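As a plain string of letters, each chain reads:
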Amino acid sequence: DRATQLTVPSHLQTYIAQAVIQTLQTGHTRSQLHKPTASPESVHHRHSTTTDSPPQQQEEQQLLAAMGSTTSVVSTAFVHATLPIVYDARYNIKFFGLEKMHSFDSCKYEKIVDMLSKQGSIAESQLVSPGRPATDEELQTVHTPEYVASLKSARAVAQACEMATIGMMPDFLMQSKVLQPMLWAVRGTVRAGELAVERGWAINLGGGMHHACHNAGGGWCLFSDVYLSFLNLARKNQDASSADGTFRKPVTSMMIVDLDVHQGNGFGRDKALFKREHKDLSVYIVDSFNPRIYPCDLEAREEINMTIPITQNTTDESYLSALRRGLADAARECSPDIIYYNAGTDVLVGDPLNGGIGITPDAVIARDEIVFAHARERSIPIVMVLSGGYSAASAPTISRSIANLMNVFQLNPKVGD
């Protein structure tokens, strides 16, 4: 998401040059894993209100109070079968510490896996690797050839990522150190979509690049991974009687539930494209965002079907209540074949890029449970992607939330169950 533009001082230019030489000399060893401000009233689509009734407040407060006892469950007797949780160590962006100059923690994925493993929620051997990065051919099912070609340039990637230091890299180094990790995560979202259709749910420990669209990137988002995943399913499910039996139900509609604090303008812009070029497919967008911060994209905002407001005055209880009502209203309007849940944690109190929003970790964990419950109660496959989150609390909150989902919905059966 949004980051401050940086200029590169001369000592850093020297540092980058030295890093390039070091890379050429030592090679790259990869670790592999098997184991303007716009007011909400100016938008001409529906809004879910934030007024609570007393019974709803009581229910949400009880849920929040219970979170302390449900998120610390540690089980050591899990069956070591693979789970539909997609991750590869190559998601993490590491470049001699320069990645730390961006607000986004590009190595938080490995931190989440480490926390989940240490608390006994999952074993690393249970995770599924995407197997490979996304290819140019796959990208061009959604992105224009011109846009894909432009990303071979370090300067173009630096502009989209809003990080000037990337523009100082040789193109080949940018490809290996920045672009390849993102392409692995994109392929992770595609694989997660396939797994969700097979098993009812999936989590990609990356992805959710909701500012990218078919012909542009921005805010550290380069690829429209959710639409790539959806289109992959739609194409593979055209023959419902596929010989391998992997895809049995046609997938022609998706609901995006975007709870990242920033407007998912890439989602809106690609929805407009799909309405023109994929008329057999339908997209319904639920978006909760702070309207006073990046990207303030009024054109893309017109494509949102259900807006759930969030402001500096939004409390945990009003946030969760508005989410429940918004999802219930959305369910009356749309019964999708799959839900993509953009579970950004930049709503957390203290996040430097959320414009003063102050949602607590317990409320984020409760939020994720609400979205999963919405999908599972309706037998709709759900894909969760991580999207933004720029505070130190992001990775711990995500790991606690996934542990809670595993426990509440019994997603990782114990031996003997």
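Above this text sits the structure in question.
Residues numbered from 1 in each chain as written. Predicted model: local features only at pLDDT ≥ 70, side-chain atom pairs only at ≥ 80, totals over all residues. Heavy atoms only, no water.

Visitor: Any details on the overall build of the chain? Residues and values, ideally.
Guide: Within the chain one finds 13 helices and eight strands. Here the chain holds 417 residues, and 58% of them are scored as buried. (Helix = DSSP H or I, 4+ residues; strand = E, 2+ residues; numbered from the N terminus. Buried < 20%, exposed > 50% of the residue type's maximum accessible area, 1.4 Å probe, protein only.)

Visitor: Run through the packing of aromatic side chains, naming residues and quoting values.
Guide: As enumerated under the stated definition, the model contains six aromatic pairs in all. Centroid distance Y91 to Y109: 6.1 Å. Interplanar angle 85°. Geometry classified as edge-to-face. Highlighted residues: Y91 in the loop between β2 (85-86) and α3 (108-118) and Y109 in helix α3, separated in sequence by 18 residues. Its relative accessible area of 2% is what places Y91 among the buried residues. Geometrically, the ring pair formed by Y227 and F274 is edge-to-face, given 4.9 Å between the ring centres and 65° between the ring planes. Here Y227 is found in helix α8 (residues 225-236), whereas its partner F274 is found in helix α9 (residues 265-277), with 47 residues between them in sequence. Among the aromatic residues, those joined into a cluster by ring pairs are Y227, F230, F267 and F274. (Phe/Tyr/Trp six-rings, centres within 6.5 Å; stacked < 30°, edge-to-face > 60°.)

Visitor: Just give me the short version of α9, but keep the residues and values in it.
Guide: Given a rise of 1.5 Å per residue, 13 residues ought to cover 18 Å, and the 19 Å separating the end C-alpha atoms of α9 matches this to within 8%. Among the residues making up α9, those that are buried are N265, G266, F267, G268, D270, K271, A272, L273 and F274. Elements that come into contact with the buried residues of α9 comprise α8, β4 (253-258), β5 (282-287), α10 (298-301) and β7 (338-342). (Expected span 1.5 Å × (residues − 1). Contact = heavy atoms within 4.5 Å.)

Visitor: So what's going on with the pattern of salt bridges? Which residues, and what values?
Guide: Within the structure shown, the criterion is met by 14 salt bridges. The salt bridge involving K275 is made with E303; its shortest N-O contact spans 2.8 Å. Separated by 28 residues along the polypeptide, K275 in helix α9 and E303 in the loop between α10 and β6 (306-307) bring together distant segments of the chain. A cluster of three or more residues bridged by salt bridges with shared partners is formed by R132, E138 and R187. (Salt bridge = Lys/Arg side-chain N within 4 Å of Asp/Glu carboxyl O.)

Visitor: Lay out the environment of A330 with the relevant residues and their values.
Guide: Its location among the elements puts A330 in helix α11 (residues 316-333). For A330, a relative accessible area of 0% corresponds to the buried category. Once the C-alpha coordinates of A330 and I285 are considered, the two residues, 45 residues apart in sequence, prove to be 8.9 Å apart. Residues in contact with A330, not counting those within four places in the same chain, are M255, Y284, V286 and M306.

Visitor: I'd like a rundown of the environment of L116, residues and numbers included.
Guide: Mapped onto the elements, L116 comes out in helix α3. The exposure class of L116 is buried, given its relative accessible area of 0%. The contacts of L116, once residues within four sequence positions are left out, are S121, I122, S399, I402 and A403.

Visitor: Which residues make up the packing of α8 against α9, and what values do they have?
Guide: At a minimum axis distance of 10 Å, the contact between α8 and α9 shows a crossing angle of 35°. Facing α8, whose interface residues are V226, Y227, F230 and L231, α9 presents F267, D270, K271 and F274. Among the residues forming the contact of α8 with α9, the class breakdown is six nonpolar, no polar and two charged. (Axes fitted to C-alpha atoms, helices over the stretch in contact; angles between N-to-C directions. Nonpolar A, V, L, I, M, F, W, Y, C, P; charged D, E, K, R; others polar.)

Visitor: Outline the packing of helix α6 (residues 154-161) against helix α7 (residues 171-199), listing residues and values.
Guide: Put simply, α6 and α7 touch, their axes get as near as 10 Å, and they point 40° apart. For the element pair α6 / α7, the angle class is oblique. Crossing geometry of α6 relative to α7 is assigned as left-handed. Residue-level inspection shows A154, V157 and C161 of α6 in contact with α7, the latter providing D171, M174, V178, L179 and M182. (Parallel < 35°, antiparallel > 145°, perpendicular 65-115°, else oblique. Left-handed = near helix turned anticlockwise from the far one by under 90°.)

Visitor: Describe in detail the nonpolar core, supporting the description with residues and values.
Guide: L222 and F223 are the most contacted members of the largest nonpolar core, which has 115 residues in total. Looking at this core, the element that brings in the most residues is α7, giving twelve residues. For F223, the residues in contact, after removing those within four places along its chain, are L139, H143, L151, L179, M182, L183, V186, M209 and A212. (Core = buried A, V, L, I, M, F, W, Y, C linked by side-chain atoms within 4.5 Å.)

Visitor: Can you tell me about α11, naming the residues and giving the values?
Guide: Spanning 18 residues, α11 covers 26 Å between terminal C-alpha atoms, matching the ideal 26 Å at 1.5 Å per step. Of all the positions in α11, only D316, S318, Y319, L320, S321, A322, L323, R325, G326, L327, D329 and A330 are classed as buried.

Visitor: Which residues make up unusual backbone geometry, and what values go with them?
Guide: The omega angle of the peptide bond from Y294 to P295 is 10°, so this bond is cis rather than trans. Assignment of secondary structure puts P295 in the loop between β5 and α10. Despite not being glycine, C296 shows a phi value in the positive range, around 50°. By secondary structure assignment, the location of C296 is in the loop between β5 and α10.

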